[in-house]
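# Structural features, examined
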Amino acid sequence: MPAGLFRALLTVAGAAAAIVLAIGISSVAIVAAGASPAAAFAAFFDFGATEKAVSTSIADMINRAVTLFIAGLAVAIGFRMNLFNIGVEGQYRIAAICAAFVGSTFVAPAPIQITVIILVAAAAGGLYALIPAVMKVTRGVNEVISTIMLNYIAINLAAYLVRGPFAGERAEGQLTTSTPALPESAWFPNVNVLLEMFGLPAPRGDGLWGFLIVAILLGFGIWLVLERTRFGFEVKASGLNAPAALASGVDPKRMVISAMVLSGAVAGLIGMPEILGDEHAFGSNFTPGLGFLGIAVALLGRNKPAGIAVAALLFGFLDRAQGPLQFADVPPSVITIMQGTIVLLVVIANEVTSRIALRREERRAAQALGRNTPVEVAA
């Protein structure tokens, strides 16, 4: 069997084994909580009794996956440079509130309005990621520490802005605050037609967010940049061995800044599906935690856009089940346990499969040297 095919099959087998083990461990947690594992896992596949409910559940799952996919891409860019951009959480919060406020201050034709909002979000996220990048290359500050601290600053700064300078009008009796509502020209159209193509009715609410198309294009663009360009090669080379990259003419400091800014710019887009396709404003109840979940999604997807997409869909599928789990008298915390267990076991499985593949290559190399024949190198 070719080495590349063997490694791919080994990776799939490891991921499948990790998911099976995660189900077993989660079952123990469900029993400990006094619930039935059978009822819990039945709830995961409960998409509703009517076609409208099924369509809505699928739309909710995909909408959640879109934001997690973008978050995973942002984290993966840093990982490719051997940088742990833990600050994605703060970067998307700052970007979201800045973009929502700027978008509410003017009215333009929809293509211009939406483009400006997206560009503002990317710029705000990239500039906020520039801070830890500059600290790292000039003062040697570890990016994990600086980005974690900047997360707290961003979260509290966004909370201040949405209740202060960026606050819109609040109806009497309303507890939450938000930025001024975006004009209708900034509302991203839905893509319910994709569900209707499969014979499903249009889902309730805002439907299937149109930002799904942007996320797909973004994923393809990131893959193209990281895998098929000189910049992507320099990012990977600098992350693997900075001194060697420097000796070959690549400036590792410049690549640190470039990778962090690109990661932050992508992180700035995480909140755009919700703002442009659903809430049409940044509110004090804006969805938190997407940046931290993006780390898990990137790890599960092995920092590859295709793998991240699968991981995002898996997490979206699990998150969608919170309602059905409550109806089945199962604690929703089971989802968090399952997500964490899957990520932990997949990381372990990746290490085990990598060692198995390495040992296989070593044995093949030894046999080839004994026969004095060429060795096929794994891709």
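Rules behind the numbers
- Residues numbered from 1 in each chain as written.
- Predicted model: local features only at pLDDT ≥ 70, side-chain atom pairs only at ≥ 80, totals over all residues.
- Heavy atoms only, no water.
- Helix = DSSP H or I, 4+ residues; strand = E, 2+ residues; numbered from the N terminus.
- Expected span 1.5 Å × (residues − 1).
- Buried < 20%, exposed > 50% of the residue type's maximum accessible area, 1.4 Å probe, protein only.
- Arc of directions from axis to C-beta.
- Axes fitted to C-alpha atoms, helices over the stretch in contact; angles between N-to-C directions.
- Parallel < 35°, antiparallel > 145°, perpendicular 65-115°, else oblique.
- Contact = heavy atoms within 4.5 Å.
- Nonpolar A, V, L, I, M, F, W, Y, C, P; charged D, E, K, R; others polar.
- Left-handed = near helix turned anticlockwise from the far one by under 90°.
- Salt bridge = Lys/Arg side-chain N within 4 Å of Asp/Glu carboxyl O.
- Phe/Tyr/Trp six-rings, centres within 6.5 Å; stacked < 30°, edge-to-face > 60°.
- Lys NZ or Arg CZ within 6 Å of the ring centre and 35° of its normal.
- Patch = residues over 30% accessible without salt bridge, like charges linked within 9 Å, V, L, I, M, F, W, Y side chains within 5 Å.
- Areas by Shrake-Rupley, 256 points an atom, 1.4 Å probe, with all protein chains shown as cover.

Right, let's get into helix α8 (residues 211-228). With 18 residues, α8 should cover 26 Å at 1.5 Å per step; its first-to-last C-alpha distance of 25 Å lies within 8% of that length. Inspection of α8 places Phe211, Leu212, Ala215, Leu218, Gly219, Ile222 and Leu226 among the buried residues, and these make up the whole buried set. For α8, the buried positions fall inside an angular range of 115° around the axis, keeping them on one side. Away from its buried face by more than 90 degrees, α8 exposes Ile216, Leu217, Phe220 and Arg228.

So, about the packing of helix α3 (residues 51-80) against helix α13 (residues 290-300). Their axes nearest at 7 Å, the elements α3 and α13 cross at an angle of 70°. Relative to α13, α3 is oriented roughly perpendicular. Along its contact with α3, which presents Arg64, Thr67, Leu68, Ala71, Gly72, Val75, Ala76 and Phe79, the element α13 presents Leu290, Gly291, Leu293, Gly294, Ile295, Val297, Ala298 and Leu299. Per-class residue counts for the contact of α3 with α13 are eleven nonpolar, four polar and one charged.

Our next topic: the packing of helix α5 (residues 110-139) against helix α11 (residues 252-267). Closest axis-to-axis distance for the α5/α11 pair is 7 Å, and the angle between their directions is 150°. Between α5 and α11, the angle falls in the class roughly antiparallel. Seen from above, α5 lies across α11 with right-handed handedness. Across from Ala122, Gly125, Gly126, Ala129, Leu130, Pro132, Ala133, Lys136 and Val137 in α5, the residues of α11 making contact are Lys253, Val256, Ile257, Met260, Val261, Gly264 and Ala265. Looking at the contact of α5 with α11 residue by residue, the classes come out as eleven nonpolar, three polar and two charged.

Right, let's talk about the pattern of salt bridges for a bit. Pairing between side chains becomes possible if they bear opposite charge and their charged atoms approach one another. One pass over the structure, following the stated rule, counts nine salt bridges. Its salt-bridge partner being Arg80, residue Glu227 comes within 2.9 Å of it at the nearest N-O pair. With Glu227 in helix α8 and Arg80 in helix α3, the pair connects residues that are 147 residues apart, well separated along the chain. Judged by relative accessible area, which is 13%, Arg80 ranks as buried.

Another aspect to go through is the packing of aromatic side chains. Inspection of the entire model under this criterion finds ten aromatic pairs. Here the aromatic rings of Phe47 and Phe317 are separated by 6.3 Å at their centres, their planes lie at 35°, and the arrangement is tilted. In this pair, Phe47 sits in the loop between α2 (37-44) and α3 while Phe317 sits in helix α14 (residues 305-320), placing the two residues 270 residues apart along the sequence. Phe47 sits in the buried class, given a relative accessible area of 19%. Members of the aromatic cluster, connected to one another through ring pairs, are Phe41, Phe44, Phe45, Phe47 and Phe317. A cation sits over an aromatic face here: Arg320 above Phe47, 4.1 Å from the ring centre.

For Asn82, which is not glycine, the phi dihedral falls at a positive 65°. Position of Asn82 among the secondary structure elements: in the loop between α3 and α4 (88-103).

A cluster of nonpolar side chains, namely Val193, Leu194, Met197, Phe198, Ile213, Ile216 and Leu217, defines an oily patch on the protein surface of about 750 Å² accessible area. Among the elements of the structure, α7 (193-196) and α8 are those that each provide at least two residues to the nonpolar patch. Ranked by residue count, the leading element in the nonpolar patch is α8, at three residues. Looking at the secondary structure, you find Leu217 in helix α8.

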